[in-house]
Amino acid sequence: MLDAAVFAAVAVVLGGVVAVTARDGRIVVLGLMLVAVAASLVTSPLPGSLAVTARILGAMLAAYLLWAAAGSGTADSAGSAIGLVAEGAVATAAFAVGLAITPVDPLAGPAEAQAAGLSLIALAVVPLAGRDVFRMGVGVTLLTLGSSLLVVAWSGSAPALEQLALAALLVGIAGATSLLIPSSEADEATEVWAEGANAAGPRTASAIETLEATDWAAADAAAPVEESQPIRPAESERRPRPMTADPLEPDDWLAWGAPEAEPRRDRARIARRAPGPRPAETAKPVPKKRPHTRPNLGGKP
Amino acid sequence: MTLVAFLLICVTGLLLTLLTQPYARLSRLVALASLGGALAAALLMRPNDSATLGEVQLATTWFGGFFLSALAASSLLLCIVGLLTGWPERLAPAALATMAGVGVAISSTDPTVALAAAAAATAPAALIASRVRSTPLGTTVGVAELRTLALVVSASLLAAVTILNTNWNSDDPTFVLALAFLVVAAAVAVRSGAVPFHVPAALLSRSGEGLGLVLSLVWIPTGLGLVALSWNASIFGVPGDWLDRAVVAVQVVAVATLVLGAVGAMLHDEIEEIVVYSIVQDAGFILLALTARSADAAQPARLWLLAFVIAKSALVAWAATASWAFETSSLGDLRGWLRRSPILGLALVAIVAATLGWPGSPVFEARGTLVRLGLPDSLHFLGTAAILLSLAYYVRLLAVGLLTPTEMVRRAGGDWPRWPRLPKVEDEEVEDEEVENEEVEAAAPPAVAVPINQAELGAKRSTARGDGRMPHRRPHFSIRHRLAVAWRLNRPLQASLLVLATATIAAIVAFGGFGASDASQSGITLDQAAAALPNPGGLDNGDQPTAEPSAQPSVGPTLQLVPSPAPVASPAPSASAGASPTTTAGE
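Bear in mind that the values here come from a model prediction, so they are computed numbers and not experimental data.

## Digging into the overall build of chain A
Okay, so step 1: Helices and strands together make up the secondary structure of chain A, namely 12 helices and 0 strands.
Okay, so step 2: Ordered by position in the sequence, the α and β elements of chain A form the string α-α-α-α-α-α-α-α-α-α-α-α.
Okay, so step 3: Counting all 301 residues of chain A, 49% fall into the buried class.

Below is the structure:
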């Protein structure tokens, strides 16, 4: 009589073949989820409900992370170079070998687990040799699940904490893959980031120091009075951004109470104390003094 | 319960830090609070605490708590340094995830769980590597990181099953042992960037990761190394041709790492690359501890791992601070850095002392013991050679700092204390000027341009205001304002002091302080679980003591290890840690 582990092992292999051969990222993710869920059932006796639930939730979370990456449209797989039939043949051959060999005698777990594990490891070899990050993540996931199936076959059922650790490992691998996939959004964000960094100037120690210690009074006094423009330093003036600086980060995290913009009366002091003529007298003719008007609040005109 | 509290803090902190990522300040606060909580929980971890989780018993030891405290303290200090030099966004969650994984791994009584958790603890390195995914290096770094992850995970799982199983169909059981030894050593070597596998580490150093380097190259490899060393004497201590060949292969890698890592550090001019190659070189001692296959190597290896974690964290923080303070990471542009930042110089000296020690110091003796036990007699000179090579690149760093400062270094403030030079204004005059201000306000144009040297400085503020106007400074400064400005002016000083504090802690630990020497004798829970396992194939490891010698009982009576064969009294081992009766596996 066929055991549930046999069906689960077949499902593992089918899911693995789908994950390796499909080109649409979402179908790849579905294949991986099938592998991850079915792999938790290739054991005899079945683990406790808590362990199975942890594995299934882990598989779903891992699939969701990859789905999110695939949903952006940038994570489509390159698919298999040798095609569905050839990958299926490789998986079947590895499965047959796994059923035939007995490196451990007697096996502590079902032979189907060993067969499915070898099959997944065989399927993972080619993706791991490539340079497609998404496909490599698929390979890492298949390799991990294949290794875990070998553990089940050679050492018997795993305790619940190990199932939990495996679920966390799968989520970690899926998260790592989704994070490492180069995305077009990330490229655009980088361009915007670099643009902002250039426009905002470097956030460096000396820049902060000079900013704080600058005698703004003298600077204002010496400046020609012209309509100001958005300032962008010349290329030659830009300093190299140090590796740790992050221009997106607010730089006043620790600088509580730092001086803010000037109050009204500052202009008077700036104008008086600065050497030389007042700014308004240097470049531009002094504009007409505005009549001192107060809002008519209904009193005397 | 203390371990469970530690794990809960790590997991909760990880989730909250990731969830609050869009809110920069909140995320930082959560990250720092989580790391601080994890540090407190690790410091309060009782040696004989145990709890059952998922059918597996987790038990704490003195060294386990010490090691987790070292990890948490390093993470916290580096994140605080990151507040000043540039916040490493994903370092804190990755560190929390790694600490949770390592915490389970070193406290588990089930070896398979330990190796699975150790493998899971390596995955957060992708959080660090993912920051560069959109740079030209992004794909290469991503591929390298995933390949490393694949190798470490599969090696850990296969090592677990290989070590645990005794029913192999093999004429020579040492073949299986050799295979297990190779995969364990390969996992450690690949993750720590040992020389044939150093390309991902080199790529990371070029990608501007800064403080994030420490997670991938120091914290994760030491956790993995600690788990791998548990099998060292008890499982792999048997004689056998296949095992000897495997050990020779790992020795070759270790020697290449010790020599070529130092050469790489000497040849490169970017301080991140120097730091990375320095880390790679010192990771060679973990491989030497593996090749020793002796209980005598356990205590020095643990002490070395403690010193390695904190000293290399301090070195990474030093590099990040120097790059930030002088706005360059090129050694050519950093000429004279020591003159401008003497505190950073002191920190570097403390790091050198913590890494190398001097004759008679615990860390020096630990390195010497690992070389003596891990290499054949004809290669013992490599211990001295490694020290000299290390000294060479450290002295190079210091010597460059003593040269005439470059313009870039001169322009930077360094870490000398500074007080803001702000205009002095009498308050009385201000009171009299109120009326006149209105006239000037009306007469003055709404904004003025500034000279070019001021343009760059004001750009950040004017951009932040969004109106293109140049900001003005408030000439009237209260003492509170002056203190605030002084606080910001002295950020390089603060960062240097933090680096110095980290380096000092590293030096104290490396010299056996804070109880590091005693803690390193106690081992981790997995040591005792591994010692209780039979060897594959029923091999006996002869005269090798199988249980770690411990000066004091590290695991309480509640701990129930894997059922072991009947204990056989053996002669007291010649371990330096003092002898205790041990059990012999392999019945």
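## Brief notes about the packing of helix α7 (residues 138-164) of chain B against helix α9 (residues 199-206) of chain B
Residue and element names in this part refer to chain B.
Okay, so step 1: The N-to-C vectors of α7 and α9 enclose an angle of 140°; their axes lie 10 Å apart at closest approach. Considering the angle they form, α7 stands oblique to α9. Here the hand of the crossing between α7 and α9 comes out left-handed. Across the interface between the two elements, Thr 140, Val 141, Ala 144, Glu 145 and Thr 148 of α7 pack against Val 199, Pro 200, Leu 203 and Leu 204 of α9.
Okay, so step 2: Class assignment of the residues belonging to the contact of α7 with α9 gives a composition of 6 nonpolar, 2 polar and 1 charged.

## Let's talk about unusual backbone geometry
Residue and element names in this part refer to chain B.
Okay, so step 1: Even without being a glycine, Arg 293 presents a positive backbone phi close to 50°.
Okay, so step 2: On the secondary structure map, Arg 293 appears in the loop between α12 (271-292) and α13 (298-326).
Okay, so step 3: Even without being a glycine, Glu 327 presents a positive backbone phi close to 60°.
Okay, so step 4: Inspection of the secondary structure assignment puts Glu 327 in the loop between α13 and α14 (337-340).

## Digging into the nonpolar core
Okay, so step 1: Grouped together as the largest cluster of nonpolar side chains are 278 residues, with contacts concentrated most on Val 42 of chain A together with Ala 307, Ile 351 and Ala 506 of chain B.
Okay, so step 2: Each residue touching Ala 307 of chain B, except ones within four places of it in the same chain, is listed here: Ala 354, Val 363, Ala 506, Val 509 and Ala 510 of chain B.

## Digging into the pairing of strand β1 (residues 50-53) of chain B
Residue and element names in this part refer to chain B.
Okay, so step 1: Here β1 pairs with strand β2 (residues 56-59) via 4 bridges, running antiparallel. Across the sheet, residue Ala 51 finds its bridge partner in β2, namely Leu 58.
Okay, so step 2: The turn linking β1 back onto β2 is made up of 2 residues, and Gly 54 within it adopts a positive phi angle of 60°.

## Regarding α12 of chain B
An α-helix turns once every 3.6 residues. As a result, residues three or four positions apart point the same way.
All names here are of chain B.
Okay, so step 1: Its 22 residues place the ends of α12 32 Å apart at the C-alpha level, agreeing with the 32 Å of an ideal helix rising 1.5 Å per residue.
Okay, so step 2: Burial analysis of α12 places 22 of its 22 residues in the buried class, which makes it a mostly covered element.
Okay, so step 3: Residue Arg 293 follows α12 closely and has a positive phi angle near 50°.

## Re the packing of helix α5 (residues 111-129) of chain A against helix α6 (residues 133-155) of chain A
Residues and elements named next belong to chain A.
Okay, so step 1: Two elements in contact, α5 and α6, have axes whose closest approach is 7 Å; the angle formed by their N-to-C orientations is 160°. Overall, the two elements α5 and α6 adopt an arrangement that is roughly antiparallel. When the axes of α5 and α6 are compared, the crossing they make is left-handed.
Okay, so step 2: Across the contact of α5 with α6, the residue classes break down as 18 nonpolar, 5 polar and 1 charged.

## A word on helix α2 (residues 24-43) of chain B
Residue and element names in this part refer to chain B.
Okay, so step 1: Given a rise of 1.5 Å per residue, 20 residues ought to cover 28 Å, and the 28 Å separating the end C-alpha atoms of α2 matches this to within 8%.
Okay, so step 2: When α2 is considered as a whole, its buried residues turn out to be Ser 27, Arg 28, Val 30, Ala 31, Ser 34, Leu 35, Gly 37, Ala 38, Leu 39, Ala 41 and Ala 42.
Okay, so step 3: Considering only its buried residues, α2 is in contact with α1 (2-19), α3 (62-85) and α4 (91-107).

## Quick look at the confidence of the model for chain A
Okay, so step 1: Of all residues in chain A, 57% have pLDDT values of 70 or greater, and the mean over the chain is 69.
Okay, so step 2: The low-confidence segment residues 192-212 of chain A, where pLDDT is below 50, has 52 contacts with residues more than four positions distant or belonging to other chains.

## Notes on the environment of Pro 173 of chain B
Okay, so step 1: Relative to the assigned elements, Pro 173 of chain B resides in helix α8 (residues 173-192).
Okay, so step 2: Residue Pro 173 of chain B is classed as partly exposed on the basis of its C-beta count, with 19 C-beta atoms lying within 10 Å.

## Some remarks on the environment of Leu 526 of chain B
All names here are of chain B.
Okay, so step 1: Mapped onto the elements of the fold, Leu 526 is located in helix α25 (residues 525-531).
Okay, so step 2: Along the backbone, Leu 526 and Ala 114 are 412 residues apart, and their C-alpha atoms lie at a distance of 7.5 Å.
Okay, so step 3: When neighbours within four sequence positions are excluded, Leu 526 is seen to be in contact with Ile 106, Ser 108, Pro 111, Ala 114, Val 227 and Ser 230.

## Focus: the confidence of the model for chain B
All names here are of chain B.
Okay, so step 1: Looking at chain B as a whole, its pLDDT mean stands at 78, while 79% of the residues score no less than 70.
Okay, so step 2: Looking at the elements of chain B, mean pLDDT is at its lowest for helix α20 (residues 434-443), recorded as 44, and at its highest for helix α15 (residues 342-356), recorded as 93.
Okay, so step 3: For the stretch residues 426-465, pLDDT sits under 50, and the model shows 79 contacts to residues farther than four places along the chain or on other chains.
Okay, so step 4: Contacts from residues 541-587, a stretch scored under 50 in pLDDT, to residues over four places away or in other chains number 112 contacts.
Okay, so step 5: Interface confidence for the predicted complex, given as ipTM, is 0.73, next to a pTM of 0.74.

Cut-off values and rules
Residues numbered from 1 in each chain as written. Chains lettered and ligands numbered in written order. Predicted model: local features only at pLDDT ≥ 70, side-chain atom pairs only at ≥ 80, totals over all residues. Helix = DSSP H or I, 4+ residues; strand = E, 2+ residues; numbered from the N terminus. Buried ≥ 20, exposed ≤ 12 C-beta atoms within 10 Å, placed from the backbone. Axes fitted to C-alpha atoms, helices over the stretch in contact; angles between N-to-C directions. Parallel < 35°, antiparallel > 145°, perpendicular 65-115°, else oblique. Left-handed = near helix turned anticlockwise from the far one by under 90°. Contact = placed C-beta atoms within 7 Å. Nonpolar A, V, L, I, M, F, W, Y, C, P; charged D, E, K, R; others polar. Core = buried A, V, L, I, M, F, W, Y, C linked by C-beta atoms within 7 Å. Pairing = 2+ DSSP bridges. Expected span 1.5 Å × (residues − 1). pLDDT = per-residue confidence, 0-100.

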